[in-house]
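# Remarks on the overall topology
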Amino acid sequence: DAMVIQNPRYQVTQFGKPVTLSCSQTLNHNVMYWYQQKSSQAPKLLFHYYDKDFNNEADTPDNFQSRRPNTSFCFLDIRSPGLGDAAMYLCATSSSRGNYEQYFGPGTRLTVT
Amino acid sequence: GENVGLHLPTLSVQEGDNSIINCAYSNSASDYFIWYKQESGKGPQFIIDIRSNMDKRQGQRVTVLLNKTVKHLSLQIAATQPGDSAVYFCAENNDMRFGAGTRLTVKP
């Protein structure tokens, strides 16, 4: 089945130690998104790609970076995680610019110790 | 700033009753709205959408109503079932912003 896959499902990292979260999709969708969701809160958009065109939200900290080497894969890099970065990170896709129906992965829960 | 928000953070209903979840938005530039369902430990799941040129859209057991005059959305779930228990978010296409979410609990 076509889907959005996130690895790992649970990630523990140390304060200040760089960490990378992965997302892959078999939907062949053009648009990929990264959201941060803290406990009992709504998902907050960090950035998104239209194909290779990167779009950063204005309030996304510089500590968060992203890479999309090809259509299928997208990575979220947190350069120096702080305790406040502990959250669920959700990857989503949509088929094209202007199509807002998003397909979400199961998320990666990040713990910072 | 402009945002999308929900009136009620929690909603508890009896199995078989109808549920209504509300959402207020303030960004008049948005022209597309989506409702998502998020079960515990899972990513949000698309339920239904509506474009701003429509007032109502129906799906299977769900109906979304859009009142552009007062910038209000609602999600109606008919004959609510235990499997409907989840957090429901509305979202707008402008910046893909999500509302605060409403937790729906269905009592058997």
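Computed from a predicted structure; not experimentally measured.

This part covers the pairing of strand β8 (residues 73-78) of chain A. Residues and elements named next belong to chain A. Counting buried residues along β8, 5 of its 6 residues qualify, which places the element largely inside the surrounding structure. In terms of strand pairing, strand β7 (residues 64-67) meets β8 through 4 bridges, oriented antiparallel. By the bridge assignment, F64 is partnered in β8 with I78. Between β7 and β8, which follow one another and run antiparallel, lie 5 residues.

What follows is about the sheet that holds strand β1 (residues 4-7) of chain A. Residues and elements named next belong to chain A. Strand order in the open sheet formed by 4 strands is β1-β3-β8-β7, and the pairing between neighbours is antiparallel. Each end of this open sheet is capped by a strand with a single partner; those strands are β1 and β7. Here the strands of the sheet are splayed against their neighbours by 20° on average, with no regard to which way each runs. Note: β1 against strand β3 (residues 19-25), 4 bridges, orientation antiparallel. Along β3, the bridge assignment pairs Q6 with C23.

Residues and elements named next belong to chain A. Along the chain, R67 turns up in strand β7. R67 sits in the partly exposed class, given a relative accessible area of 40%. In this structure, the C-alpha to C-alpha distance between R67 and P18, residues 49 residues apart in sequence, is 15 Å. The residues touching R67, leaving out its near neighbours within four places in the chain, are T20, Y49, F73, C74, F75 and D77. Among the polar contacts made by the side chain of R67, one reaches the side chain of D77 at a distance of 2.7 Å.

Glancing now at unusual backbone geometry. All names here are of chain A. At the junction of N7 and P8, the peptide bond is cis and its omega measures out at -10° in the coordinates. Structurally, P8 is set in the loop between β1 and β2 (10-13). The phi dihedral of N28 falls on the positive side, at around 60°, and the residue is not glycine. Here N28 lies in the loop between β3 and β4 (31-37). Located in the positive-phi region is D51, a residue other than glycine, with phi close to 55°. Locating D51 in the fold gives a position in the loop between β5 (44-50) and β6 (53-56). According to the relative accessible area criterion, D51 is partly exposed, its value standing at 40%.

To continue, consider the interface of chain B and chain A. The partner chain A presents 17 residues to the 17 residues of chain B that form the contact. Buried surface at the junction of chain B and chain A, both sides included, amounts to about 1,300 Å², of which 57% is carbon and sulfur. Considering only the surface of chain B that becomes buried against chain A, B:P44, B:M96 and B:F98 emerge as the three largest contributors, covering 35% of it. Joining chain B to chain A, the criterion identifies 0 salt bridges.

What counts as what
- Residues numbered from 1 in each chain as written.
- Chains lettered and ligands numbered in written order.
- Predicted model: local features only at pLDDT ≥ 70, side-chain atom pairs only at ≥ 80, totals over all residues.
- Heavy atoms only, no water.
- Buried < 20%, exposed > 50% of the residue type's maximum accessible area, 1.4 Å probe, protein only.
- Helix = DSSP H or I, 4+ residues; strand = E, 2+ residues; numbered from the N terminus.
- Pairing = 2+ DSSP bridges.
- Axes fitted to C-alpha atoms, helices over the stretch in contact; angles between N-to-C directions.
- Contact = heavy atoms within 4.5 Å.
- Polar contact = N/O pair within 3.5 Å; in protein donor to acceptor, adjacent residues only side chain to side chain.
- Buried area = accessible area lost by both parts, 1.4 Å probe.
- Salt bridge = Lys/Arg side-chain N within 4 Å of Asp/Glu carboxyl O.

This is a description of form; function is not addressed.
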